[in-house]
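Here is what each chain is made of, one letter per residue.
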Amino acid sequence: MINGFILCISFNFLSISNSIDINPSGLSTLCENANYLNQMYNEYGIDPFIYSSLIYYESRWQPNLKSHAGACGLSQVLHKYVKGISCKDLFDPKTSILYGAKNLSYWKKYKKDSISKA
């Protein structure tokens, strides 16, 4: 398991070295939630570095994004498939991280523990 501080420093380094395009507010959101990503590892077996990279790909760590397909939040979850959750709920970083981890965990199991296929 990756320490939240190490995760934050890793993305800071990638940003400074221009290896990724993430703005300061996105980097701040990542660092504020890095330890929560570790909690998702404990609960759902989702590697924090892989998951944080997926969130970077989906939203660049901008919590208030909504795609043209209706996916919302950091993890770009389609709220219409999550009972009792609205797009507005998914704009909360922790809610988006939680439901994204649940979704990824489901697909990982469905694809016989292959994170790349999930």
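Whatever comes next refers back to the structure up there.
Residues numbered from 1 in each chain as written. Predicted model: local features only at pLDDT ≥ 70, side-chain atom pairs only at ≥ 80, totals over all residues. Heavy atoms only, no water.

**Q** Quick rundown of the packing of aromatic side chains? Include the residues and the values.
**A** A complete count under the given rule lists 2 aromatic pairs for this structure. Both rings, one in F11 and one in F49, keep their centres 5.8 Å apart while their planes meet at 50 degrees; by these two values the pair is tilted. Here F11, found in helix 1 (residues 4-16), pairs with F49, found in helix 3 (residues 48-59); they are 38 residues apart in sequence, far enough to count as distant. Owing to a relative accessible area of 2%, F11 belongs among the buried residues under this scheme. When its relative accessible area of 29% is taken as the criterion, F49 is described as partly exposed. On the numbers, 6.5 Å between centres and 55 degrees between planes, the contact of F11 with Y56 is tilted. A residue pair is termed long-range when its members are at least 10 positions apart, and F11 in helix 1 and Y56 in helix 3 qualify at 45 residues. Of the two residues examined, F11 and Y56, each falls in the buried class. Among the aromatic residues, those joined into a ring-pair cluster are F11, F49 and Y56. Between R60 and the ring centre of Y56, over which it is positioned, the NZ or CZ distance is 4.3 Å. Geometry around Y36 places K94 over its ring, the cationic atom sitting 5.2 Å from the centre. (Phe/Tyr/Trp six-rings, centres within 6.5 Å; stacked < 30°, edge-to-face > 60°. Helix = DSSP H or I, 4+ residues; strand = E, 2+ residues; numbered from the N terminus. Buried < 20%, exposed > 50% of the residue type's maximum accessible area, 1.4 Å probe, protein only. Lys NZ or Arg CZ within 6 Å of the ring centre and 35° of its normal.)

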